[in-house]
There are 2 protein chains.
Amino acid sequence: MKRDTRQAILLAGAELIHRQGFNRTGIKEILDLAGVPKGSFYFYFPSKEAFGLALIDHFTEHMGGTARSILFDPGLPPLERLARFFATLREKFSDLHCARGCPIGNLSQEMSDLSPAIQQRVCAAFSGMAGLLARVLGEAAERGELSGGIDPDQAAAFIVDAWEGALLRMKAEKRIDPLLRFEDIIFTRVLR
Amino acid sequence: MKRDTRQAILLAGAELIHRQGFNRTGIKEILDLAGVPKGSFYFYFPSKEAFGLALIDHFTEHMGGTARSILFDPGLPPLERLARFFATLREKFSDLHCARGCPIGNLSQEMSDLSPAIQQRVCAAFSGMAGLLARVLGEAAERGELSGGIDPDQAAAFIVDAWEGALLRMKAEKRIDPLLRFEDIIFTRVLR
C-alpha cells in the first residue's frame, strides 16, 4: 500500500513534469493528479529535489529497459539494432505529436545549474545510455562494420548529445524531421 | 528614458532567465535586479509571454552579430570561419564555467509545448542560425572543400541540433568535453 502511494506520486509527477517542466509543476498539482492526500508527499520524499532524483531513476529504468531489449537483441547485427532503437524512439515521439522531448534532457536543462545532486544524477543517466551505445558500437567495430578511425566511446557520447539536440529541435518545430536528419547523418556519415 | 527602462528590464531578465530558467524567474525578481519601479513591467510588456518573445529577439540579435562577424570574415576560407565560430563560443562557455547553456535552447525546452508564440519564435531563431551556417557551407561546397554528397542545408540544420545537444551535455557535466567532441566529429567526419 505504501509502495503504491509512492508509485502513484511518482507516475503523476513523471506525467506532469514531462509535460510542463520541473519548475512549473507544483507538489499540490502532482498530489491532486495522483489522488493521494496532501500530507503524503513529504512522507515519501524529503524535498522536491529528492523527488527529482527519484524521477530520474524512474525515467532511467524505464528507458534502460526499452534500450536493452532492442540494443542487445541477439537476432540482429549491431548497427541494425542501433538503427532500430532510434527508429522506435522516433515512432514514440511521433505518437506524442513531437511534444515533451527527453525527460532526462529536460531536467538536465532546467536543473543542472540549480541542483548539484540532480546535475550528477542526470550525468550518470547520460553516461549510462552512452555506455549501452558504446557496447553496441564496440561489437560493430569487432565485426569490421564501423568506419575506421572512430572510437566507439567517443561516437556513443556524440550520438547521445546529438540525439538530445535533435529532440530539442523536434519539440521546437513540432516535426519529426530533426530525428530523421539525425538518423541519416549518424548512420551515413558518422558511423560508416 | 522610456527606452532605457525597457532595456534595463530586458537585460535583467536576460541575465536571470539565462541563469535560472524562464518558469523559475518571477517578474518581481527581474524588476528588482533592473532597479525599476514595480509597475513598469506591464507598461513595456503586455505579459510574461510577450517578454519571452522580446528576450528571444534580444538573444538572437546578440548572437547573430557575433555569428556574422566571424562567419563572414572575408579573410578566411569558409570551413576555417566555421571552426573559429564554434571555438569562440566554446571559449565563452569555458569562461562561464560551463553553466547556462544556450538561452534559445533553454527557452525552447521549457516553453515549446506551453506557448505557441514562443515555440514559433525559437523555431525562427534556430532556422536563422542554420541559414547562416548553410551559407558558409554553400561557399565551402562551391570551393570543393565540403565532403561529397552532403547537402549544405541538411548539414547546417544537423550542426545546429548537435550543437544544442552538446551544450546541454556540457551544462550537465560541467565540462567542456562535449563541445570539443562536437567540433572533432563535425569537422573530421560530417563535413569532410
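Once a new chain begins, its residue numbering starts again from 1 and follows that chain's sequence as written. Written order decides the labels, with chains lettered from A and ligands numbered from 1. Per-residue local features are limited, in this predicted model, to residues with pLDDT of at least 70; the limit for side-chain atom pairs, both in listing and counting, is 80 or more; totals at the level of whole chains, interfaces and linings are taken over all residues.

Caption draft 1: Structural view of the overall build of chain A. By definition, any uninterrupted DSSP run of H or I lasting at least four residues is a helix, any uninterrupted run of E lasting at least two residues is a strand, and each is numbered from the N terminus. When helices and strands are counted, chain A shows nine helices and zero strands. The linear arrangement of helices and strands in chain A, starting from the amino end, is α-α-α-α-α-α-α-α-α. In this description the radius of gyration comes from C-alpha coordinates, and the expected globular size is given by 2.2 Å times residues to the power 0.38. For 192 residues, the compact-globule estimate of 2.2 N^0.38 gives 16 Å, and the C-alpha radius of gyration of chain A, at 18 Å, lies within 12% of that figure. Considered along the principal axes of its C-alpha atoms, chain A spans approximately 60 × 35 × 30 Å. Partitioning the intrachain contacts of chain A with sequence separation of at least 6 by distance along the chain shows that 63% fall at a separation of at least 24. Residue pairs qualify as contacts under a 7 Å threshold applied to their C-beta atoms, which are placed from the backbone.

Caption draft 2: Inspection of the domain arrangement of chain A at higher detail. Residue and element names in this part refer to chain A. Here chain A is described as being made up of domain 1 (1–45) and domain 2 (48–190). Domain borders in the structure are assigned automatically or taken from a domain database. Between the C-alpha centres of domain 1 and domain 2 the distance comes to 26 Å. In this assembly, 11 residues from domain 1 lie in contact with 14 residues from domain 2. By the convention adopted, Pro, Cys, Tyr, Trp, Phe, Met, Ile, Leu, Val and Ala count as nonpolar, Lys, Arg, Asp and Glu as charged, and the other residues, Gly among them, as polar. Residues that form the side of domain 1 that touches domain 2 fall into these classes: six nonpolar, four polar and one charged.

Caption draft 3: Broad picture of the packing of helix α6 (residues 103–111) of chain B against helix α7 (residues 116–142) of chain B. Residues and elements named next belong to chain B. For helices, the fitted line uses only the C-alpha atoms of the stretch in contact; every axis is such a line through C-alpha atoms, and the angle between N-to-C directions lies from 0 to 180 degrees. Their axes nearest at 10 Å, the elements α6 and α7 cross at an angle of 145°. Crossing of α6 against α7: the hand is left-handed. Residues I104, L107, S108 and M111 of α6 form the contact with α7, whose own contacting residues are I118, Q119, V122, A125 and F126. Looking at the contact of α6 with α7 residue by residue, the classes come out as seven nonpolar, two polar and no charged. The sense of a crossing depends on the near helix, which, turned anticlockwise from the far helix by less than a right angle, makes the crossing left-handed and, turned clockwise, makes it right-handed.

Caption draft 4: Structural detail: the environment of I56 of chain A. Residue and element names in this part refer to chain A. Checked against the element boundaries, I56 lands in helix α4 (residues 48–71). Exposed residues have 12 or fewer other C-beta atoms within 10 Å of their own C-beta, buried residues have 20 or more, and residues in between are partly exposed; the C-beta atoms are placed from the backbone. Residue class for I56 comes out buried when judged on the 22 C-beta atoms lying within 10 Å of it. Spatially, the C-alpha atom of I56 lies 9.8 Å from that of S108, the residues being 52 residues apart in sequence. With near-sequence residues (within four places) excluded, I56 lies in contact with I104, L107, R121, V122 and A125.

Caption draft 5: Inspection of the relation of the copies chain B and chain A at higher detail. Alignment of the copies relies on least squares applied to C-alpha atoms, considering only residues that score at least 70 for pLDDT in both. Mapping chain B onto chain A is achieved by rotating through 180° and translating by 0.0 Å along the same axis, at an RMSD of 0.0 Å. Here the copies are linked by what is in effect a two-fold axis. A high fraction, 100%, of the interface residues of chain B reappear at the interface in chain A, so the copies pair face to face through one surface.

Caption draft 6: Looking closely at helix α9 (residues 177–190) of chain B. All names here are of chain B. In this model, α9 (14 residues) spans 18 Å end to end at C-alpha, consistent with the 20 Å of a helix rising 1.5 Å per residue. Listed as buried for α9 are P178, L179, R181, F182, I185, I186, R189 and V190. One side of α9 holds all its buried residues, which, seen down the axis, span an arc of 160°. Exposed and facing more than 90 degrees away from the buried side of α9 are D184 and T188. Every helix has an expected span of 1.5 Å times one less than the residues it contains. The directions from the helix axis to the C-beta atoms are what the arc is built from.

Caption draft 7: Highlighting the confidence of the model for chain A. A residue's pLDDT is the confidence the predictor assigns to it, expressed on a 0 to 100 scale. Within chain A, residue pLDDT values average 96, and 99% of them lie at 70 or more. Both scores are given for the predicted complex: the pTM is 0.97, the ipTM 0.97.

Caption draft 8: Structural view of the nonpolar core. One nonpolar core equals one set of buried Ala, Val, Leu, Ile, Met, Phe, Trp, Tyr and Cys residues connected by C-beta atoms within 7 Å. Within the largest apolar cluster, 106 residues are counted, with the highest numbers of intra-cluster contacts made by L133 of chain A together with L133 of chain B. In this structure, L133 of chain A is in contact with L82, A156, I159 and V160 of chain A, ignoring residues within four places of it in sequence.

Caption draft 9: Summary view of the environment of Y44 of chain B. Looking at the secondary structure, you find Y44 of chain B in helix α3 (residues 41–44). Sequence separation between Y44 of chain B and I9 of chain B is 35 residues; the distance between their C-alpha atoms is 9.0 Å.

Caption draft 10: Up close: the interface of chain B and chain A. In this assembly, 40 residues from chain B lie in contact with 41 residues from chain A. Counting residues per element, the ones that place at least two in the side of chain B that touches chain A are α1 (2–20), α6, α7, α8 (152–173) and α9 of chain B. Looking at which element gives the most residues to the side of chain B that touches chain A, the answer is α8 of chain B, with 14 residues. Of the residues in the side of chain B that touches chain A, the class split is 16 nonpolar, 12 polar and 12 charged.

Caption draft 11: Fine view of unusual backbone geometry. Residues and elements named next belong to chain B. In this structure, H97 is a non-glycine residue whose phi angle is positive, near 55°. The phi dihedral of R100 falls on the positive side, at around 75°, and the residue is not glycine. Of note, R100 is situated in the loop between α5 (78–95) and α6. Its 20 C-beta neighbours within 10 Å are what place R100 among the buried residues.

Caption draft 12: Geometry of the environment of L180 of chain B. Structurally, the position occupied by L180 of chain B is in helix α9. The class of L180 of chain B is partly exposed, set by 15 C-beta atoms lying within 10 Å.

Caption draft 13: Spatial organisation of the packing of helix α4 (residues 48–71) of chain B against α7 of chain B. Residue and element names in this part refer to chain B. Where α4 contacts α7, the two axes come as close as 10 Å, and the packing angle between them is 5°. By the angle between their directions, the pair α4 and α7 is classed as roughly parallel. Along the contact surface, α4 presents E49, G52, L53, I56, T60, G64, A67, R68 and L71, while α7 presents A117, I118, R121, V122, A125, G128, M129, L132 and V136. Of the residues assigned to the contact of α4 with α7, the class counts are 11 nonpolar, four polar and three charged. An angle counts as roughly parallel when it lies under 35 degrees, as roughly antiparallel when it exceeds 145, as roughly perpendicular when it falls between 65 and 115, and as oblique in every other case.

Caption draft 14: Structural detail: α5 of chain B. Residues and elements named next belong to chain B. Helix length check: α5 (18 residues) gives 26 Å between terminal C-alpha atoms against 26 Å at 1.5 Å per residue, within 8%. Looking only at α5, the buried set comprises P78, L82, F85, F86 and R90. Down the axis of α5, the sector holding all buried residues measures 130°, keeping them to one side. For α5, the exposed residues lying more than 90 degrees away from the buried face are E91 and D95. If you follow the buried residues of α5, they end up packed against α4, α7 and α9. Remark: H97 follows α5 within two positions and exhibits a positive phi of approximately 55°.

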